[in-house]
Amino acid sequence: MIIDMGPLLRGEVDSISIDFWLTPEPTDGVEFTSDAHVIGLITNNAGYMRLSLKVELPYRTECARCLVEVSGLHRFDFERTLIEQKADEGCDKSPDDGEDFDELEYAIIKNGRLDVDREVLESIILEFPLRFLCSEDCEGLCQVCGTPKRQGCGCSNKYIDPRLAVLARLLEEDEDQKDDGGR
Ligand SMILES: [Zn+2]
Ligand SMILES: [Zn+2]
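Computed from a predicted model, the values in this text were never measured in an experiment.

Conventions used here
Numbering of residues begins from 1 in every chain and follows the order in which that chain's sequence is written. Ligands are numbered from 1 and chains lettered from A, in the order in which they are written. Only residues with pLDDT of 70 or above have their local features reported here, since the model is predicted, and side-chain atom pairs are shown and tallied only from 80 upward, although totals for entire chains, interfaces and linings are computed over all residues. The side-chain figures draw on all heavy atoms in the structure; neither hydrogens nor water molecules are used. Exposure above 30% relative accessible area and no salt bridge define the residues that can form patches, which grow by joining like charges within 9 Å and nonpolar side chains of Val, Leu, Ile, Met, Phe, Trp and Tyr within 5 Å. What sets the accessible areas is the Shrake-Rupley method with a 1.4 Å probe; for residues, cover comes only from the shown protein chains. Salt bridges, as used here, are contacts in which a Lys or Arg side-chain nitrogen is within 4 Å of a carboxyl oxygen on Asp or Glu. Positive charges are assigned to Lys and Arg, negative charges to Asp and Glu, while His and the chain termini are left out of the count. Positions of charges follow a simple convention, taking NZ of Lys, CZ of Arg, CG of Asp or CD of Glu. Runs of E in the DSSP output that reach at least two residues are strands. Runs of H or I that reach at least four are helices, and both are numbered from the N terminus. For Na, K and Ca the donor cut-off is 3.2 Å, and for all other metals it is 2.8 Å, counting N, O and S atoms only; because water is absent from this set, sites may look incomplete. All geometry calls rest on donor angles, where a four-donor set with angles between 85 and 135 degrees is tetrahedral, four- and six-donor sets with opposite donors more than 155 degrees apart and all others between 65 and 115 are square planar and octahedral, and all else is irregular. Throughout, exposure labels follow a simple rule: accessible area from a 1.4 Å probe, protein chains only, divided by the maximum for the residue type, with under 20% read as buried, over 50% as exposed, and the rest as partly exposed. Here, nonpolar core means buried Ala, Val, Leu, Ile, Met, Phe, Trp, Tyr and Cys residues that are tied together by side-chain atoms lying within 4.5 Å of each other. Contacts between residues were defined by any pair of non-hydrogen atoms, one from each residue, lying within 4.5 Å. Throughout this description, a polar contact denotes any pair of N or O atoms lying within 3.5 Å of each other; where both atoms belong to protein, one of them has to be capable of donating a hydrogen while the other can accept it, and for residues adjacent in sequence the pair is counted only when both atoms sit in side chains.

Trainee: Would you mind going over a negative patch on the surface with me for this structure?
Mentor: A contiguous patch of negative charge on the surface is contributed by Glu-172, Glu-173, Asp-174, Glu-175 and Asp-176. As for its placement among the helices and strands, Asp-174 is situated in helix H4 (residues 162–182).

Trainee: Hey, could you run me through the coordination of the zinc ion (ligand 2) in this one?
Mentor: Under ideal tetrahedral coordination, the four donors around a metal are separated by 109.5 degrees; under ideal octahedral coordination, the six donors are separated by 90 or 180 degrees. Around the zinc ion (ligand 2), the protein supplies Cys-142 (SG), Cys-145 (SG), Cys-153 (SG) and Cys-155 (SG) as donor atoms, at distances of 2.2 to 2.3 Å. Seen from the zinc ion (ligand 2), its 4 donor atoms lie at angles of 107 to 115 degrees, and the figure they make is tetrahedral. The sequence pattern formed by the donor residues of the zinc ion (ligand 2) is C-x2-C-x7-C-x1-C. Of the two residues, Cys-142 is situated in the loop between helix H2 (116–127) and helix H3 (155–158) and Cys-153 in the loop between H2 and H3; the sequence distance between them amounts to 11 residues. Judged by its relative accessible area of 33%, Cys-153 is partly exposed.

Trainee: When you look at the coordination of the zinc ion (ligand 1) in this model, what are you seeing that I'm missing?
Mentor: Protein coordination of the zinc ion (ligand 1) is provided by Cys-63 (SG), Cys-66 (SG), Cys-134 (SG) and Cys-138 (SG), with donor distances spanning 2.2 to 2.3 Å. Coordination at the zinc ion (ligand 1) comes from 4 donor atoms whose angles at the metal span 106 to 112 degrees, giving a geometry best classed as tetrahedral.

Trainee: What is the right way to read the nonpolar core from this model?
Mentor: Across soluble globular proteins, nonpolar side chains have a tendency to be buried as a group. One finds Met-5, Ile-18, Ile-42, Leu-82, Leu-114 and Val-120 to be the most contacted residues of the largest nonpolar core, which totals 35 residues. Elements represented by at least two residues in this core include exactly strand E2 (15–22), strand E4 (36–45), strand E5 (48–62), strand E6 (69–85), strand E7 (106–110) and H2. In terms of residue count, the dominant contributor to this core is E5 (6 residues). Aside from chain neighbours lying at most four places away, what touches Met-5 is Ile-16, Ile-42, Met-49, Leu-82, Ile-109, Gly-112, Arg-113 and Leu-114.

Trainee: So what exactly am I meant to see when it comes to the environment of Glu-79 here?
Mentor: Within the secondary structure, Glu-79 is located in strand E6. By relative accessible area, which is 42% here, Glu-79 ends up partly exposed. Remark: the alpha-carbon pair of Glu-79 and Ile-42, spanning 37 residues in sequence, is separated by 9.6 Å. Those residues in contact with Glu-79 that sit more than four places away from it in its chain are Arg-50, Leu-51, Ser-52 and Glu-105. A distance of 2.4 Å separates the side chain of Glu-79 from the side chain of Arg-50, its partner in a polar contact.

Here it is in structure tokens:
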């Protein structure tokens, strides 16, 4: 969404509300199951302009440890200070002006317009977690059979020191014989 900032810049209004849906750019390993909902406000407080947005993004991906499907709605907020750049002059603030200029804190109004899509897409890249877990204490995959441990596979209980494996086998055979004997 490109916002016409004219009414705000001319002082005709002191805020512009924002509510729209935006298709996120594809990200490796994550499927965005529908568009992002973007809600917020642009305010002008005596020339100090701020963009404040909330983004809700439905996703589907897999647990980074056990590969089980994980889906949900990722929500985050972000804010930008808006700077007006006139067509025939440079930005009145630029990365050269100060050492602590943080480009991410600012969004630039060019020719009276603000490209909100661009700000949202950039913030999704920054804010969306690189990895998800199905639960904080996910134990990952069974090292023996590859089944997610939380699904249970029984391997872990049966893991036996190789030195004792021979003994275990003898005991199992012994039990099999008992079973046979019982019939
Ligand atoms: Zn997991
Ligand atoms: Zn297993």
